[in-house]
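One letter stands for each residue in the lines below.
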Amino acid sequence: MTLRLQADAAGIARAAALLRAGELVAFGTETVYGLGADATNDRAVAAIFAAKGRPHFNPLICHYPEAEAAFADVVPNDAARALAAAFWPGPLTLVLPRRVTSSVALLAGAGLDSLAVRIPADDTALDLLRQTARPVAAPSANRSGQVSPTTAEHVLAGLAGRIAAVLDSGPCPVGVESTVLDVTGPRPVLLRPGGLTCEALAAVIGPIVRGISPAQAEASRTLRSPGLLVSHYAPALPVRLNATEVAASEALLAFGAPLEGAGALFQLSASGDLAEAAANLFAGLRALDASGLAAIAVMPIPDIGLGLAINDRLQRAAAPRV
Ligand code: TXA
Ligand code: MG
């Protein structure tokens, strides 16, 4: 039985108590719902991988209510401090050297000597993190390989019966995962495009180096960020990108004025607004996946701003399944 907790004082207190007791609790953030566990508890962290059915122990993001708490587990440098001041709380994850004194379970960081940390911009999540008073490891709250959840219903559709509770704080406003930036070296490297744009990052720390592309990663099998696995955000139906025409046997994921003739339609943003499209992306893929049609056709989305993160997720959804 998975409890569905309201985002009120009683619900948040219950969720924090469950986390402190080593249970799994899904909670909303501004990006997507996370599947949280006490990051200092090895068994709780291991339970995340079991509940998600993750084939590998990928390193997880640790969530904190404020930068100083995060910087107790990792060693910040000037770039990290500037980024934290500019963008936290917000959809930015920083990969930094792990402190030897950190009590975060080695499994949470997949045994790496770096750790990914972030402060989510959601009042309920921040309250939960404050009351839990421990770092909370949280990957997206979906079964491995499936689309990330942006509502409590999505979480329950995949994980009901496998986790203790979901704290329902409503739909996630950003809708794609956080931007992951490796700031361990002299030049920051973008490991995963996400809810914070490269343009915004560049305004604070200058031009950003892109991490290895998913294609290069697949070729070399030297994944720096396992979230770069090529087929990672996959709906069940095949996905066809950059559609300029659509068949009646297909479901259309539209952006702007929709193509005519589709068997089903989900509008990401009628006005062509990339923030609105990001917020609707995973719900749209889920809705069209349930259409019973032969495939999902996706209209072109410009590769600027949040379009970079949207296209990254769509390319994974369209990649050959591995
Ligand atoms: O928006 C988000 O980031 C959501 C919410 C719940 O906060 N979380 C999320 O977690 O997307 P997850 O586990 O699905 O993705 C974590 C990403 C992966 O791409 C992982 O490889 C990368 O962060 N990552 C974590 N630790 C890392 C490390 N030490 N070095 C490099 N990449 C790391
Ligand atoms: Mg995920």
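Rules and cut-offs
- Residues numbered from 1 in each chain as written.
- Chains lettered and ligands numbered in written order.
- Predicted model: local features only at pLDDT ≥ 70, side-chain atom pairs only at ≥ 80, totals over all residues.
- Heavy atoms only, no water.
- Helix = DSSP H or I, 4+ residues; strand = E, 2+ residues; numbered from the N terminus.
- Rg over C-alpha atoms; globule rule 2.2 N^0.38 Å.
- Buried < 20%, exposed > 50% of the residue type's maximum accessible area, 1.4 Å probe, protein only.
- Contact = heavy atoms within 4.5 Å.
- Areas by Shrake-Rupley, 256 points an atom, 1.4 Å probe, with all protein chains shown as cover.
- Lys, Arg positive; Asp, Glu negative; His and termini not counted.
- Charge placed at Lys NZ, Arg CZ, Asp CG, Glu CD.
- Domains from an automatic or database assignment.
- Buried area = accessible area lost by both parts, 1.4 Å probe.
- Salt bridge = Lys/Arg side-chain N within 4 Å of Asp/Glu carboxyl O.
- Core = buried A, V, L, I, M, F, W, Y, C linked by side-chain atoms within 4.5 Å.
- pLDDT = per-residue confidence, 0-100.
- Pairing = 2+ DSSP bridges.

Q: What is the right way to read the overall build of the protein from this model?
A: When helices and strands are tallied, the protein shows 10 helices and 15 strands. At 19 Å, the protein has a C-alpha radius of gyration in line with the 20 Å of a compact globule built from 322 residues. Projected onto its principal axes, the C-alpha positions of the protein cover 60 × 45 × 35 Å. The burial tally for the protein puts 56% of its 322 residues in the buried class. Long-range contacts, defined as pairs at least 24 residues apart, comprise 67% of the intrachain contacts of the protein with a sequence gap of at least 6. With an accessible surface of roughly 12,800 Å², the protein has 55% of that area assigned to carbon and sulfur atoms. Averaging the locations of the 24 positively and 27 negatively charged side chains of the protein gives two centres separated by 7 Å.

Q: Help me understand the domain arrangement of the protein, please; the structure alone is not making it clear to me.
A: Reports often express the size of an interface as the amount of accessible area lost when the parts come together. The domain architecture assigned to the protein consists of domain 1 (3–220) and domain 2 (239–318). Inter-centroid distance (C-alpha atoms) of domain 1 to domain 2 is 26 Å. Contacts between domain 1 and domain 2 engage 22 residues on the former and 16 residues on the latter. Summed over the three residues of domain 1 that lose the most area to domain 2, namely Val147, Val176 and Pro193, the buried surface amounts to 33% of that side. Along the contact surface separating domain 1 from domain 2 lie one salt bridge. For Arg313, the salt bridge identified is with Glu177, shortest N-O distance 2.8 Å.

Q: Teacher, can you tell me more about the pattern of salt bridges here?
A: Close approach of charged atoms allows side chains with opposite charge to pair. Considering all chains together, one arrives at 11 salt bridges under this definition. Note that Arg4 and Glu153 form a salt bridge whose closest N and O atoms lie 2.5 Å from each other. Taken together, the residues Arg4 in strand S1 (residues 3–6) and Glu153 in helix H6 (residues 152–159) connect sequence positions 149 residues apart. Here Asp168 makes a salt bridge to Arg4, at a shortest N to O gap of 2.9 Å. In this pair, Asp168 sits in strand S8 (residues 165–168) while Arg4 sits in strand S1, placing the two residues 164 residues apart along the sequence. Taken together, the salt bridges that share partners define one network made up of Glu177, Asp312, Arg313 and Arg316.

Q: Quick question: what am I supposed to make of the nonpolar core here?
A: A general tendency of soluble globular proteins is for nonpolar side chains to be buried together. Of all hydrophobic cores here, the largest spans 49 residues; its most connected members are Trp88, Leu92, Leu94 and Leu181. Those elements giving two or more residues to this core turn out to be strand S3 (34–38), helix H2 (42–52), helix H4 (78–87), strand S5 (92–97), strand S6 (114–118), H6 and helix H7 (198–205). In terms of residues, this core owes the most to one element, H2, which gives five residues. One finds Leu253, Phe266, Ile296 and Leu306 within the second-largest nonpolar core, a separate group that totals 27 residues.

Q: Would you explain the confidence of the model for the protein in this entry?
A: Low pLDDT marks regions whose predicted coordinates should not be analysed in detail. Of all residues in the protein, 92% have pLDDT values of 70 or greater, and the mean over the chain is 91. Per-residue pLDDT stays below 50 along residues 213–224; that stretch engages in 13 contacts with residues further than four places along the chain or on separate chains.

Q: Sorry, what's going on with the sheet that holds strand S12 (residues 239–240) here?
A: Think of a sheet as strands paired side by side through backbone hydrogen bonds, with each pair either parallel or antiparallel. One open sheet accounts for four strands, arranged S12-S15-S13-S14; its pairing is parallel. A single partner strand is all that each edge strand has here, and the edge strands are S12 and strand S14 (264–269). Two strands pair when backbone bridges link them, and S12 and strand S15 (residues 295–298) are joined in this way by two bridges, in the parallel orientation. In the strand pairing of S15, Val239 is matched with Ile296.

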